[in-house]
Protein chains: 2
Amino acid sequence: MRATHIPAACGLALLLIALAPTARGQDSDAAIAHKLRDTALKDDWGYRFLETLTTTVGQRLAGTEAEARAATWAEATLKSAGFDEVHRESFPITAWVRGREEASVVSPSPQRLVVTALGGSVATTPEGITAEIAVFHLYSDLLRAAPGSLAGKIAVVTEAMPRVMDGASYGAANPIRRLGPSEAAKRGAIAYLHRSLGTDNHRLAHAGATNYEADAPRIPAAALSVPDAEQLDRLAARGKVRVKLVLTPTEDASAKSWTVSAEIKGSERPDEIVLIGAHLDSWDLGTGAIDDGAGDAIVAGAARLIAALKPHPKRTLRVVLFGAEEMNYSGPAYAKMHAEEAPHIALAAESDFGARNIYAFLAPPGAAETPFIHSLADTLTPLGIFLAREPAQNSGDDIAPLHAAGVPVIAMRQNGLDYFDIHHTADDTFDKVDPHELAQNIAAWAAMTYLAAQSDLDFRKLAANASH
Amino acid sequence: MRATHIPAACGLALLLIALAPTARGQDSDAAIAHKLRDTALKDDWGYRFLETLTTTVGQRLAGTEAEARAATWAEATLKSAGFDEVHRESFPITAWVRGREEASVVSPSPQRLVVTALGGSVATTPEGITAEIAVFHLYSDLLRAAPGSLAGKIAVVTEAMPRVMDGASYGAANPIRRLGPSEAAKRGAIAYLHRSLGTDNHRLAHAGATNYEADAPRIPAAALSVPDAEQLDRLAARGKVRVKLVLTPTEDASAKSWTVSAEIKGSERPDEIVLIGAHLDSWDLGTGAIDDGAGDAIVAGAARLIAALKPHPKRTLRVVLFGAEEMNYSGPAYAKMHAEEAPHIALAAESDFGARNIYAFLAPPGAAETPFIHSLADTLTPLGIFLAREPAQNSGDDIAPLHAAGVPVIAMRQNGLDYFDIHHTADDTFDKVDPHELAQNIAAWAAMTYLAAQSDLDFRKLAANASH
């Protein structure tokens with residue numbers, strides 16, 4: 001899809017016209033939610049937001065000049081979008097910057113392998129590591145390997161991640177990337193490769209952060225593209241294989257990241273906050289369109305439509321574009337910086353699963369049988385969205401620490417069947433986003449956020465009662 | 001798809017059993033063609049041939065050690081496959097070997113671009129070229145640009161290639177890659193980039209040879225991945241864009257390439273040859289599974305089943321695995337080396353369009369209403385293959401010079417809807433091939449080749465009569 005020339009937005013004008021005949025106060029909350037939804041479906045502000053972010057900023061690796069440029073751009077963009085207050089705040093991080101990453105089969109048949117270093121990986125020497133590989137078709141096979149059994153070898157895990165709609169397989173496979181390097185090192189391995197946590201069959205490796213354990217040597221670690229992992233499976237089935245690996249990432253312990261926030265002051269209970277967020281940083285291989293530029297466009301696009309309502313909803317609405325999520329800083333850093341605010345956050349939600357359509361939503365615990373949820377379900381059903389049976393528990397790394405501090409959450413569930421074809425790869429670019437599906441997201445978030453900010457429910461009390 | 005463990009072939013055994021009850025001579029030619037077809041559908045020799053070639057050799061760039069390794073492997077493999085005679089022959093070529101290839105937007109917003117050098121491209125200096133780009137949405141816009149108008153600029157053509165089933169759009173788009181660099185240079189450009197001749201949306205550029213014209217400066221030339229070309233479209237719509245390009249390919253004018261041939265001697269007219277071919281070399285980015293390892297597997301797999309027939313078909317059957325097709329040497333080199341044989345080649349055909357199913361076949365000129373074609377159509381209809389209305393004219397670069405020297409051709413038409421998603425990219429790997437579709441190809445080629453070799457028709461005379 002090409003989108004070089006996108007016509008100017010007319011969403012706000014449409015909304016103002018839609019709301020004009022029946023001024024607020026005459027319209028019911030449900031009627032306003034319906035109008036927000038229908039306006040969002042015809043609006044292209046979010047799509048243009050995403051196009052501009054991914055085109056004029058591009059990749060936004062945490063702690064780099066590019067992430068700072070994204071924060072500056074986002075602050076300026078939100079300031080011109082009708083919010084009451086917009087600001088940036090910084091926090092310190094250790095930045096990790098990719099260097100050269102080269103891998104090849106040295107013997108029996110020389111050939112190039114496509115890899116990408118795991119975020120946080122230590123470097124090899126500039127000349128690289130050359131060693132025999134030990135292939136494990138299952139991660140559990142690696143865990144069963146005896147201490148010392150991988151001495152001097154490059155451990156390779158080729159377990160495949162299943163394709164599922166809600167992305168649950170990613171959580172199940174995550175230890176392969178997060179814990180694999182240390183588990184291999186404990187058994188003597190000098191480097192670690194794993195089949196990308198991806199469902200595609202392209203020669204593009206999937207990046208992602210790893211976590212070294214304190215009690216294991218830190219060994220260089222990278223993901224293989226799926227076809228390259230299969231090639232090693234086939235070669236290893238024939239005999240010994242020697243692989244060369246060169247990774248030269250660097251770290252900067254004095255870097256900083258940014259959070260960008262925008263608020264719509266509540267008209268009746270401004271001290272109560274409904275917080276919706278997404279993360280602004282991205283991996284460096286693509287331009288972060290589905291992860292998580294889309295989420296930024298969704299929460300900002302939804303809030304922008306609500307900002308145009310007069311009077312504003314009862315509660316304050318805050319949009320947060322988090323920094324350094326991919327490097328595991330965003331949620332803890334925000335929760336720490338805003339610890340004293342946590343008791344005032346009535347409800348939180350996060351969009352970080354791409355740009356495909358939403359097919360379900362999850363009510364806050366104890367809230368399923370409330371007018372808020374009934375009204376929301378009525379608004380979302382025409383968008384092909386149903387109320388899931390289970391309540392929302394946690395909906396992403398950005399708000400998890402707030403949730404742990406007692407903030408109730410609500411969640412949208414997106415179609416993620418092909419999310420892990422693209423996730424964390426060079427393929428995460430603007431052309432992958434369908435404008436109609438993005439608009440469906442914004443429509444659902446606008447309705448949900450408006451109704452939550454307008455609601456008189458005490459979600460904390462409902463959650464507390466539900467847990468008894 | 002994973003294919004680490006493929007069970008041993010049982011195709012030949014099946015064929016021998018199938019043919020046993022009714023020895024040749026009792027069976028009609030049509031009955032034998034049907035049995036060849038049905039045996040091929042159950043046989044996995046071709047799939048294993050392709051798996052081994054792409055795994056143990058990998059990429060096979062013309063004139064390199066890897067192509068020579070492929071020729072050695074192919075000769076040994078065909079020698080063990082029941083042919084009467086197998087041999088290699090070499091011919092001189094200038095090899096072109098890829099170096100570094102890096103591109104990035106320098107301003108307004110620094111970001112990496114995915115490119116791959118065109119085959120035959122000259123190098124930049126090691127420091128690269130940095131210049132403003134001039135974007136042309138259509139190649140014809142570049143051709144309309146005035147001499148000198150691109151002085152000091154990098155010309156960028158972003159025209160998209162349509163997705164069509166028979167691949168005809170590739171021929172239409174080919175001048176963009178073949179002629180674009182010289183056309184841009186004539187107008188003053190100092191480098192040339194074009195949107196890959198591909199139908200995918202991945203961050204993988206499509207390689208391919210270019211041809212410099214004698215009357216234009218030779219400028220460095222590369223293909224952009226499709227998303228990167230679209231990114232430049234979007235950036236250029238906003239203002240001036242400066243791009244840096246580094247290409248460091250090298251040439252070796254004293255290289256050689258190889259042709260591997262295998263024959264089944266004709267039982268009645270051994271001096272008449274039916275020649276079927278594919279090319280053994282590949283681009284260096286992938287492992288040449290669909291281009292053209294699949295073709296190698298198809299023609300070798302079909303001929304191997306025919307080699308098991310006793311007595312052999314009347315005419316001699318020759319399988320040719322051509323060398324250096326991607327660098328434009330294969331057809332001319334073979335036609336030159338075998339010029340004296342051309343009058344004895346009764347019919348030729350080539351498989352070089354991937355591994356998807358065949359859906360049509362094209363009769364040699366003047367042969368549509370012959371028992372050979374009627375019998376072939378009867379055999380192929382159950383495979384979902386119909387007789388196309390138009391006669392075969394030319395079916396690929398390997399046999400075009402033979403055809404020009406008077407050799408009649410027959411052709412199979414494959415489903416190429418997604419061929420140019422993968423063609424000439426790093427994605428051209430074994431996992432992209434469906435074993436059932438590959439077997440359908442081998443079945444059709446076995447039947448076609450057998451009936452042609454067994455036929456008494458003089459295809460040259462039919463073609464001559466048809467042209468009057």
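The numbers attached to residues start from 1 for each chain and follow its sequence in the written order. A letter from A marks each chain and a number from 1 marks each ligand, given out in the order of writing. Restriction of local features to residues with pLDDT of at least 70 applies here, the model being predicted, together with a cutoff of 80 or more for giving and counting side-chain atom pairs; totals for whole chains, interfaces and linings are based on all residues. As a convention, hydrogens and water are excluded, and side-chain values are obtained from all of the structure's heavy atoms.

**Comments concerning the sheet that holds strand E8 (residues 221–224) of chain A**
Either a parallel or an antiparallel arrangement is found when strands of a sheet pair, and the pairing is made through backbone hydrogen bonds. Residues and elements named next belong to chain A. Pairing between strands is defined by DSSP: at least two bridges between them are needed. Strands are runs of DSSP state E lasting at least two residues, helices are runs of H or I lasting at least four, and both sets are numbered from the N terminus onward. Strand order in the open sheet formed by 8 strands is E3-E2-E9-E5-E6-E7-E8-E4, with mixed pairing between adjacent strands. One side of each edge strand has no neighbouring strand; the edge strands of this open sheet are strand E3 (111–113) and strand E4 (115–117). Within this sheet the neighbouring strands show an average axis-to-axis angle of 30 degrees, counted without direction. Contacts are residue-level and defined by heavy atoms, with any inter-residue pair within 4.5 Å sufficient. Only C-alpha atoms enter the line fits that serve as axes; for helices the fit covers just the stretch in contact. Angles between N-to-C directions range over 0 to 180 degrees. Relative to the sheet, helix H8 (residues 226–236) contacts strand E2 (101–107), E3, strand E5 (129–136), strand E6 (154–157), strand E7 (191–195), E8 and strand E9 (242–247), its axis offset from that of E3 by approximately 130 degrees.

**Some details on the side chain of Asp281(B)**
Residue and element names in this part refer to chain B. With respect to the element layout, Asp281 can be found in the loop between strand E11 (269–279) and helix H9 (289–307). Buried within the structure, Asp281 lacks any salt-bridge partner; Arg60 is the closest side chain of opposite charge, at an N-O distance of 7.3 Å. Within the structure, the side chain of Asp281 is placed 3.2 Å from the backbone nitrogen of Ala324, a separation counted as a polar contact. Contact partners of Asp281, with chain neighbours within four places excluded, come to Arg60, Ala62, Glu67, Asp291, Asp292, Phe322, Gly323, Ala324, Glu325 and Glu326. Partly exposed residues are those whose accessible area sits between 20% and 50% of the maximum for their type, while under 20% is buried and over 50% is exposed, using a 1.4 Å probe and protein chains only. When charges are counted, Lys and Arg are positive and Asp and Glu negative, with His and the chain ends excluded. Any Lys or Arg side-chain nitrogen located within 4 Å of an Asp or Glu carboxyl oxygen qualifies as a salt bridge. Distance and chemistry together define a polar contact, namely a pair of N or O atoms within 3.5 Å, with one atom able to donate a hydrogen and the other to accept it when in protein, and with adjacent residues in sequence counting only for side-chain atoms on both sides.

**Digging into the confidence of the model for chain A**
Keep in mind that low pLDDT regions are not for reading the predicted coordinates in detail. All names here are of chain A. Note on scores: pLDDT gives the predictor's confidence for each residue, bounded by 0 and 100. Confidence in the prediction for chain A averages 94 pLDDT; 94% of positions are at 70 or higher. Ignoring residues within four places in sequence, the model shows residues 1–9, a span with pLDDT below 50, making 33 contacts including any to other chains. Low pLDDT, under 50, characterises residues 21–25; the predicted model gives this stretch 8 contacts beyond four residues in sequence or across chains. Confidence estimates for the predicted assembly give a pTM of 0.92 and an ipTM of 0.90.

**Quick word on the relation of the copies chain A and chain B**
Relating the two copies of this chain is a rotation about some axis coupled with a shift parallel to it. Here the copies are matched by least squares. The fit uses the C-alpha atoms of residues with pLDDT of at least 70 in both. Once turned by 180 degrees and shifted 0.0 Å along the axis, chain A lies on chain B with an RMSD of 0.0 Å. The transformation just described matches what one would write down for a two-fold rotation axis. Mapped onto chain B, 100% of the interface residues of chain A again fall at the interface, so both copies present the same surface.

**Observations concerning the nonpolar core**
Looking at soluble globular proteins, one finds that nonpolar side chains tend to be buried together. Note on terminology: a nonpolar core comprises buried Ala, Val, Leu, Ile, Met, Phe, Trp, Tyr and Cys residues joined through side-chain atoms within 4.5 Å. Counting residues in each nonpolar core, the largest one holds 101 residues, and the members touching the most others are Tyr192(B), Leu376(B), Leu438(B) and Trp445(B). Counting 100 residues, the second-largest nonpolar core is a separate cluster that includes Ala71(A), Leu118(A), Ile306(A) and Ala307(A).

**A short note on the packing of aromatic side chains**
Residues and elements named next belong to chain A. Here the aromatic set is Phe, Tyr and Trp, taking the six-membered ring for Trp, and pairing holds for ring centres within 6.5 Å; pairs whose planes are under 30 degrees apart are stacked, those over 60 apart are edge-to-face, and all others are tilted. Under the counting rule described, the total for this entry stands at 22 aromatic pairs over all chains. With a centroid separation of 5.3 Å and an interplanar angle of 40 degrees, the aromatic rings of Trp45 and Phe49 are classed as tilted. Placement of both Trp45 and Phe49 in helix H3 (residues 45–57) is noted, with a separation of 4 residues, approximately one turn of the helix. A single burial state applies to Trp45 and to Phe49, both of which are buried. A positively charged side chain is recorded as over a ring if its NZ (Lys) or CZ (Arg) lies within 6 Å of the ring centre. The angle to the ring normal must also be within 35 degrees. One Lys or Arg, Arg88, reaches over the ring of Trp258 and ends 4.7 Å from the middle of that ring.

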